[in-house]
Amino acid sequence: MTIYRGRFAPTPSGPLHFGSMVAAVGSFLDARSRGGTWLVRIDDLDPPRTVPGATDAILRCLDAFGMHCDGTVVYQSTRNDAYHAALHQLRQSGRTYPCACSRKEISDAGLAGVEAAVYPGTCRKGLAAGREARALRIRTDGAEIEFDDGLQGHVRQTLQAEIGDFVVYRAEHVFAYHLACAVDDAGQGITDVVRGADLIASTPRQIYMQKLLGLPTPAYLHLPVAVNGAGEKLSKQTRAHEVDHSHPASTLDRVLRFLGHAPPAEIRDARLHELWAWAIQNWRRESLPRANSITAPDG
């Protein structure tokens, strides 16, 4: 029997807010309810997105809420050797090529995709004279990726048509999230990824990376994303409020209700550890709301 290994992997772009806690609590409960391991990884891969002090704030918040990880916290910023090895493997197999295109040039091509403009393959046959590479891209070669999400159902994505050949390494010496995520999930032995549905369109790229690198593919479950009244995902950009550490049981109660696991009236005022005990015992995937997004209680 495979031993469950889950993880919570926040980007330290700011403190945790209600939407972050939905992903943290969901991944924690899914692991604990199955007697599994729950790990924490800080996805500090991209320096411009890393806010000073955010990592410490995230870890303090998890500790205040009683979400203690099993083992040492992993930081992507210390994993460059592993990413270099994976990139070397991809280059040796002829899967990558240099690209000189700017974001504006790609956008001007006018090909709309599931997330942004689709890369049209301009540099696939070589750089134009006088152009310098800005990134390394991976050849998608018409690959079609399918997987069954534990909540959102069957997902199918034709990479070349819906995403295009995507970046795996940028000129400023930053590895792409999809490469790093595939390498790190394999390195940590992750069997189940529970996270927000805002990342479901990214999952086929990560599975593609896993296939090319000969890495295992975890099971995926994408939880509803918490949005505000305008339908915008709660984030630093939409001025989502930091989680209140002083009343963790109250916040946990709200998160559980958001996830379709409303505690009974008799324990609503229970202490934090009692609320966790109830939640772990009563966690059921089939009780989760089948939606991509839901308005947060304070949204």
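That block above? That's the structure.
Here's a quick rundown of the structure. (Residues numbered from 1 in each chain as written. Predicted model: local features only at pLDDT ≥ 70, side-chain atom pairs only at ≥ 80, totals over all residues. Heavy atoms only, no water.)

Concerning the sheet that holds strand E8 (residues 167-170)
Here is step 1: On the basis of which strands lie adjacent, the open sheet formed by 4 strands has the order E4-E5-E8-E9 and antiparallel pairing. For this open sheet the edge positions go to strand E4 (96-99) and strand E9 (174-175), each flanked by a neighbour on one side alone.
Here is step 2: Where E4 and strand E5 (residues 135-138) come together, 4 bridges link them in antiparallel fashion. Note on E5: the bridge partner recorded for Cys99 is Ala135. (Pairing = 2+ DSSP bridges. Helix = DSSP H or I, 4+ residues; strand = E, 2+ residues; numbered from the N terminus.)

A short note on the sheet that holds strand E3 (residues 74-75)
Here is step 1: In spatial order, the strands read E1-E2-E3; together these 3 strands make up an open sheet with parallel pairing. Each edge of the sheet is formed by a strand with only one pairing partner; in this case those strands are strand E1 (5-8) and E3.
Here is step 2: Direction of pairing for E1 relative to strand E2 (residues 37-42): parallel, over a ladder of 4 bridges. Looking at E2, one finds that Arg7 is bridged to Leu39.
Here is step 3: Here helix H2 (residues 54-64) sits on the sheet in contact with E1, E2 and E3, set at roughly 160 degrees to E2. (Contact = heavy atoms within 4.5 Å. Axes fitted to C-alpha atoms, helices over the stretch in contact; angles between N-to-C directions.)

Concerning the side chain of His178
Here is step 1: Along the chain, the position of His178 falls in helix H6 (residues 177-187).
Here is step 2: Among the polar contacts listed, one links the side chain of His178 to the side chain of Arg205, at a separation of 3.3 Å.
Here is step 3: Those residues in contact with His178, other than ones at most four positions away along the chain, are Phe166, Ser202, Arg205, Gln206 and Met209. (Polar contact = N/O pair within 3.5 Å; in protein donor to acceptor, adjacent residues only side chain to side chain.)

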